Amino acid sequence: MNQQHPLPTPREKRRALQGILKAHPGITCAAQCQRIRAALGQFSLTTFEAMRYLDCYDPRARVMQLRNAGERIATYWRTVTTESGDRHRVGLYVLETAGGAM
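All figures in this text were calculated on a predicted structure; none of them were measured in a lab.

Trainee: Go over the nonpolar core, please, and point to the residues and values.
Mentor: With 16 residues, the main nonpolar core has Leu-17, Ile-36, Ala-39, Leu-40, Leu-45, Leu-54 and Ile-73 as its most contacted residues. Elements represented by at least two residues in this core include exactly helix 1 (11-23), helix 2 (29-40), helix 3 (47-54), helix 4 (59-68) and strand 4 (87-97). Ranked by residue count, the leading element in this core is helix 2, at four residues. Discounting chain neighbours no more than four positions away, the residues touching Leu-54 are Leu-17, Ile-20, Leu-21, Arg-35, Ile-36, Ala-39, Leu-45 and Glu-49.

Trainee: Describe in detail the pairing of strand 3 (residues 73-81), supporting the description with residues and values.
Mentor: Sheet analysis places strand 3 next to strand 4, joined by nine bridges and oriented antiparallel. Considered in strand 4, the bridge of Thr-75 is made with Tyr-93. Counting the residues that bridge the hairpin from strand 3 to strand 4 gives five residues, and of these Gly-85 lies at a positive phi of roughly 95°.

Trainee: So what's going on with the packing of helix 1 against helix 3? Residues and values would help.
Mentor: Across the interface, helix 1 lies against helix 3 with an axial gap of 9 Å and an inter-helix angle of 60°. Taken as axis vectors, helix 1 and helix 3 run oblique relative to one another. Between helix 1 and helix 3 lies a crossing whose hand is right-handed. Between helix 1 and helix 3, the contacting residues are Lys-13, Arg-14, Leu-17, Ile-20 and Leu-21 on the first element and Glu-49, Tyr-53 and Leu-54 on the second. When its residues are assigned to classes, the contact of helix 1 with helix 3 shows five nonpolar, no polar and three charged.

Basis of the calculations
Residues numbered from 1 in each chain as written. Predicted model: local features only at pLDDT ≥ 70, side-chain atom pairs only at ≥ 80, totals over all residues. Heavy atoms only, no water. Core = buried A, V, L, I, M, F, W, Y, C linked by side-chain atoms within 4.5 Å. Buried < 20%, exposed > 50% of the residue type's maximum accessible area, 1.4 Å probe, protein only. Helix = DSSP H or I, 4+ residues; strand = E, 2+ residues; numbered from the N terminus. Contact = heavy atoms within 4.5 Å. Pairing = 2+ DSSP bridges. Axes fitted to C-alpha atoms, helices over the stretch in contact; angles between N-to-C directions. Parallel < 35°, antiparallel > 145°, perpendicular 65-115°, else oblique. Left-handed = near helix turned anticlockwise from the far one by under 90°. Nonpolar A, V, L, I, M, F, W, Y, C, P; charged D, E, K, R; others polar.

Distances and angles like these do not, on their own, reveal function.
The following block contains the structure:
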């Protein structure tokens, strides 16, 4: 699934991500995993959002760690346009439940 997706993260989601960052401070892998897992418990998350709003330098590695710990996280592909007007292909992560995707 690859579709154009606007860059701007909705204000409500940015506020929630800021709250998650504040609730789980630190630069350790564990802290970054906690932030990503907390975010995925509320909504889908792009690699761009994880980097920008959750201070996770390489969210792909943190998502892999979460998967290795047993989390079921699906990846879908999106194309986003950045402030410079350039288009980038980014992953969109979705936490799955036992009955299917959230």
